[in-house]
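# Structure assessment
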Amino acid sequence: DAFSHCTSLASVTIPSSVTIIGDWAFSSCTSLTEINVDAANANYASENGVLFNKTKTTLIEYPAGKQGAYTIPSSVTYIGSYAFYNCTSLASVSIPSSVTTIGDDAFSYCTSLASVTIPSSVTSISDYAFYNCSSLTRVYNLKPAPQSISSNVFSGVTISNVYLYVIDNNSAVVYLSTNVWKDFKQVLVVVQATGVTLDKTTASLAAGNTVQITATVSPSNATNQNLLWASSNTSVATVDNTGKVTAVATGTATITAATLDGSNKTATCAVTVTPAGIAVTGVTVSPTTLSLKPAATQKLTISITPSNATNKNVTWASSNTSVATVAADGRVTAKAAGTATITVTTQDGSKTATCTVTVSTTGGNGDGGKDPATAVETQTAQKLQVYPNPTTNGELRIESGELNAGDKVEIYNVNGTKVFELSIVHYPLSIDISHLPAGIYLVKVGNRVAKVVKQ
């Protein structure tokens, strides 16, 4: 009873020097969520905060404060006595076909456990194994001939309200004539799965990232849709009971989803984990507003931060493709009068930025009906020095002793649409307009302007 009733204890680390952990060592530690064992310990091991013997064939202690669902590793053959004792927040547990014995009081007081599947490999279910599992409504027993169990195995459970599922009609006949098992509300034959498929069979992700794998069990009316998820190499990638894969370290691992209804159907996904990268923290798009006439095109440019982010892949989408579409390279094509929002989304982190596109069949920019480009040009009285002009490679240099850092460089096309904007850091300034199509442009800084030809 070393730590018994330490109700505020949240985690425990067991050093390499510990040789024996006594019974009830962590009894009623209702806040305990993880037990971690030093890898150098010769007698014990841990995985995801759960305590095992060194070879992980015996599950010794599942912390009482853990919540949700749990998949027992396929190395386990014995679920130890009191292993899940008083785990009141355990919603579901997946027992692998490697398990042969369920110990005394193994799941006692698991009051949130609604169903349990007992694989055909289990030959022994000890006293009070499911004592006071008061929420239990379904038990799946996949062994063709039932285990001989004591009447106290389900004490505290009103088994006359619990459905018992077995694999076929022959098994149903045997269970209906066997003590304890015959007292369940009804013995039903399961509709077994004929197959399981995954929405992805390969996945590649950087260490530290996650990916969700979704499984589909066939037929859709299979009685037990629960699956056992496992990783062939947990040092590379782990998987939880929902199919969520977490990349741990560089390497490869096979994720397997297996049916738990005795049909032994499986599906796999090959996971490759690459070194951890530099995460994307944001994205901006330029320009943020755009006015076009039908059939006109304009390429949007993006800036991802940090500039050395590992994964700079993005996707583009239009909120109204009848007004404007956008290609994979960010080029917008105007279709018809109206407004559309173009959104760029980073693959890493799902960061977004938007550009509002207005498509109009009328010219001008509200400047008395003048040609838009002319309106921009006549607003300025001073000339700007820009070269080379024309530019063939898209590089422009701007020099002037009267311009200041912080001024903005704006470039307009002949329709008066702003197609580029940049804040000046220093002079002389070199800018790249290679992404713009060939044509005539107006470069404007403050009250200075220059007409430039891009070939």
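Source: prediction; values computed, not measured.

With that out of the way, let us pick up the overall build of the protein. Each helix and strand in the protein was counted, giving 2 helices and 40 strands. Here the C-alpha radius of gyration of the protein, 33 Å, is well above what a compact globule of 455 residues would show, namely 23 Å. Referenced to the eigenvectors of the C-alpha coordinate spread, the extents of the protein come out at roughly 100 × 55 × 35 Å. Burial status across the protein gives 43% buried among its 455 residues. Pairs at least 24 apart in sequence give 49% of the contacts found in the protein among residues at least 6 apart. Counting every atom, the protein has about 20,800 Å² of accessible surface; 48% of that belongs to carbon and sulfur.

Glancing now at the pairing of strand β10 (residues 115-118). Here β10 shows a buried face lined by S115 and T117 and a second buried face lined by V116 and I118. Relative to strand β12 (residues 138-141), β10 runs parallel, the two being bridged by 4 bridges. Following the sheet pairing, I118 is matched in β12 by N141.

This part is about the environment of S218. The residue S218 is located in strand β18 (residues 215-218) in this model. It is 8.2 Å that separates the C-alpha atoms of S218 and T197, two residues lying 21 residues apart in sequence. If we ignore the near neighbours within four places in the chain, the residues touching S218 are A193, T194 and G195.

In this structure the tally under the stated criterion is 18 aromatic pairs. Taking the centre distance of 5.2 Å and the plane angle of 80° together, the rings of W24 and Y85 count as edge-to-face. Of the two residues, W24 sits in the loop between β1 (11-14) and β2 (34-37) while Y85 sits in the loop between β7 (78-79) and β8 (90-94), which places them 61 residues apart along the sequence. Members of the aromatic cluster, connected to one another through ring pairs, are Y62, Y70, F84, F107, F130, F154, Y175, W181 and F184.

One open sheet holds the 4 strands; their spatial order is β25-β32-β31-β28, and the pairing between them is mixed. Strands with a single pairing partner mark the edges of an open sheet, and in this sheet they are β25 (289-292) and β28 (314-318). On average, each strand axis in the sheet is inclined to that of its neighbour by 20°, with strand direction left out of account. With 4 bridges connecting them, β25 and strand β32 (residues 352-359) associate as parallel partners. The residue of β32 that forms the bridge with S291 is T358.

With omega at -10°, the peptide bond leading from S286 into P287 counts as cis. When you line up the elements, P287 lands in the loop between β24 (282-286) and β25. The residue after Y387, namely P388, is reached through a cis peptide bond having omega -5°. Structurally, the position occupied by P388 is in the loop between β34 (386-387) and β35 (395-398). Here N86, not a glycine, exhibits a phi torsion of approximately 60°, which is positive. For N86, the location among the structural elements is in the loop between β7 and β8. The phi dihedral of S350 is positive, around 55°, even though this residue is not glycine. When you line up the elements, S350 lands in the loop between β31 (338-346) and β32. The exposure class assigned to S350 is exposed, which follows from its relative accessible area of 52%.

Turning our attention to the confidence of the model for the protein. The predicted model of the protein has a mean per-residue pLDDT of 89, with 93% of residues at 70 or higher. Scored below 50 in pLDDT, residues 364-381 makes 29 contacts in the model with residues more than four places away or belonging to other chains.

Moving on, we come to the pattern of salt bridges. In the structure shown here, the tally under the stated rule is 6 salt bridges. Residue K56 pairs with E47 through a salt bridge whose shortest N-O separation is 3.0 Å. Taken together, the shared-partner salt bridges in this structure form one network comprising K408, E410, K418, E421 and K444.

Taken together, V414, I440 and V453 make up a surface patch of nonpolar side chains, about 220 Å² in accessible area. The topology assignment puts V414 in the loop between β36 (408-412) and β37 (418-423). Its relative accessible area of 44% is what places V414 among the partly exposed residues.

It is worth spelling out the pairing of β32 at this point. Because side chains alternate across β32, one face comprises the buried residues A353, C355, V357 and V359, and the other comprises T352, T354, T356 and T358, none of which is buried. Judged from the 8 bridges that link them, β31 and β32 form a sheet pairing that is antiparallel. Bridged to T343 within β32 is T354. As consecutive antiparallel partners, β31 and β32 are separated by 5 residues, and within that stretch G349 has a phi angle of approximately 85°, a positive value.

Bringing the nonpolar core into the picture now. Of all hydrophobic cores here, the largest spans 43 residues; its most connected members are F84, F107 and F154. Taken together, the elements giving at least two residues each to this core come down to β4 (50-53), β8, β10, β13 (163-166) and α1 (169-175). Once residues lying within four places of it in the same chain are set aside, the contact partners of F154 are F130, L136, V139, I149, I159, V180, W181 and F184. One finds V196, A222, V245 and A253 within the second-largest nonpolar core, a separate group that totals 24 residues.

Strand order in the open sheet made by the 3 strands is β17-β21-β20, with antiparallel pairing throughout. Two strands in the sheet have a free side with no partner beyond their single neighbour: β17 (210-212) and β20 (237-239). Across the sheet, the mean angle separating the axes of adjacent strands is 20° when strand polarity is ignored. Here β20 pairs with strand β21 (residues 244-247) via 3 bridges, running antiparallel. Looking across to β21, one finds that T238 is bridged to T246.

Parameters and conventions
Residues numbered from 1 in each chain as written. Predicted model: local features only at pLDDT ≥ 70, side-chain atom pairs only at ≥ 80, totals over all residues. Heavy atoms only, no water. Helix = DSSP H or I, 4+ residues; strand = E, 2+ residues; numbered from the N terminus. Rg over C-alpha atoms; globule rule 2.2 N^0.38 Å. Buried < 20%, exposed > 50% of the residue type's maximum accessible area, 1.4 Å probe, protein only. Contact = heavy atoms within 4.5 Å. Areas by Shrake-Rupley, 256 points an atom, 1.4 Å probe, with all protein chains shown as cover. Pairing = 2+ DSSP bridges. Phe/Tyr/Trp six-rings, centres within 6.5 Å; stacked < 30°, edge-to-face > 60°. Axes fitted to C-alpha atoms, helices over the stretch in contact; angles between N-to-C directions. pLDDT = per-residue confidence, 0-100. Salt bridge = Lys/Arg side-chain N within 4 Å of Asp/Glu carboxyl O. Patch = residues over 30% accessible without salt bridge, like charges linked within 9 Å, V, L, I, M, F, W, Y side chains within 5 Å. Core = buried A, V, L, I, M, F, W, Y, C linked by side-chain atoms within 4.5 Å.

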